[in-house]
Every structure is written in structure tokens, then in C-alpha cells.
Amino acid sequence: MNFQELVNSRRSVRSFKTDDVEQEKIEYILSCAVMAPSACNRQPWKFIVLKGDMKEKVCSTHKFTWASDAPVIVAVCVNHTESWHRGYDNKDHADIDAAIATEHLVLAAAEQGLGTCWICSFNAAECAGILNLNPDEEVVALIPVGYEKDASIRRVNTKKERSEVIINE
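So, here's what we can say about the structure. Here the structure is a predicted model, which is why all the values come from computation and not from measurement.

Quick notes on the rules
Residues numbered from 1 in each chain as written. Predicted model: local features only at pLDDT ≥ 70, side-chain atom pairs only at ≥ 80, totals over all residues. Heavy atoms only, no water. Core = buried A, V, L, I, M, F, W, Y, C linked by side-chain atoms within 4.5 Å. Buried < 20%, exposed > 50% of the residue type's maximum accessible area, 1.4 Å probe, protein only. Helix = DSSP H or I, 4+ residues; strand = E, 2+ residues; numbered from the N terminus. Contact = heavy atoms within 4.5 Å. Salt bridge = Lys/Arg side-chain N within 4 Å of Asp/Glu carboxyl O.

### Here's the deal with the nonpolar core
- The biggest cluster of nonpolar side chains holds 25 residues, and the ones touching the most others in it are Phe47, Val74, Val76, Leu105, Ile143 and Val145.
- With seven residues, the single largest contributor to this core is helix 4 (residues 94-111).
- Excluding its chain neighbours within four sequence positions, the residues that come into contact with Val145 are Phe16, Val21, Ile26, Ile29, Ala70, Pro71, Val72, Val74, Leu114, Gly115 and Thr116.
- Counting 22 residues, the second largest nonpolar core, distinct from the first, contains Val58, Ala75, Cys77 and Leu131.

Shown next, in the form of C-alpha cells:
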């Protein structure tokens, strides 16, 4: 499968089998995530692999009950004191860096036959407390990882026309 086929095949999965994910696959997708580029190579991220009780506690911070079925949830965290801040306006690039790394993670998971979904609607403060993060750290995304159970409940993946989003000047 080439890269465009991989990108075209990745979908947000919201129905997971409870089957365990092989540790080698978890290690592989995390190794891909940490190879992502980051502003000034600061790598302000941390990936917390959640299973069992900790996974359930973190799942209590959002309303997506289907996420509990995934055998693994990866909490993508950033440290705002480690991230690069643009000199002109002090813009913090932690979220951008985390998004790049997370996309590496979900694409690597798709390559391994695993489903994922970005969850960004959760109580971040409560989640940080559960994970014992320091005040400079923040959970920016929760990524359930597992084998897809029911592809029929996938949302239709419609995209804007290229002419709406690509401008050649």
C-alpha cells in the first residue's frame, strides 16, 4: 500500500473488538509517533498508554461510551514549558507538534490493521488529574486503539472539493 492509499483508508473507528492489541503493534505505532517532527525539535509530547482501570478512569472524562471497548487508549500529552514559542507573538506550538505526532500514530495504526479515533472533547483538567500531570502538562487528545468491530457504523467520509481548499496564486 502506498502512502496515499494508506491516507485514504484511515477512518475514525467508533466500534472496537475487545481483543487485545499485540504489544509489538503498540510499540510500533508509538515509535512512529515519536519520530514526528516538532518545532525546533523540542518534542514536547508524552504518550501514556492506558489499559484496565486507568483506561476506564480516563474514559469517565468524556461521553463516548464506545471508547471503553477499545483495549488501549493513548493519552497524547504536551508540556507547554518544553514546546517552542514563536518569538514574534509567543505562540505556543505544543498543540501543532502533538497533532503531527498523533497523525503519525493513527496512520501507523491503520497500517497495522488497527482502528483509531481522535477524541478531543473531554474534561482536560479532570483527565490531567487522573494521570497526575504537572501544571505545565496538558492532555490534548485521547486515541482509542484496537481492532474494528463494525465498519457499518462508520460515518461517511466526505471531503470538500479540492478547488475549495487548494488555491494556486
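### Describing the pattern of salt bridges
- Counted by the stated rule, this structure contains three salt bridges.
- Ionic pairing is found between Glu137 and Lys46, a salt bridge with its closest N-O pair at 2.8 Å. One end of the pair, Glu137, is in strand 4 (residues 137-146); the other, Lys46, is in strand 1 (residues 45-50), and 91 residues separate them in sequence.
- Linking Glu56 and Lys55 is a salt bridge whose minimum nitrogen-to-oxygen distance equals 3.4 Å.
- A relative accessible area of 37% places Glu56 in the partly exposed class.

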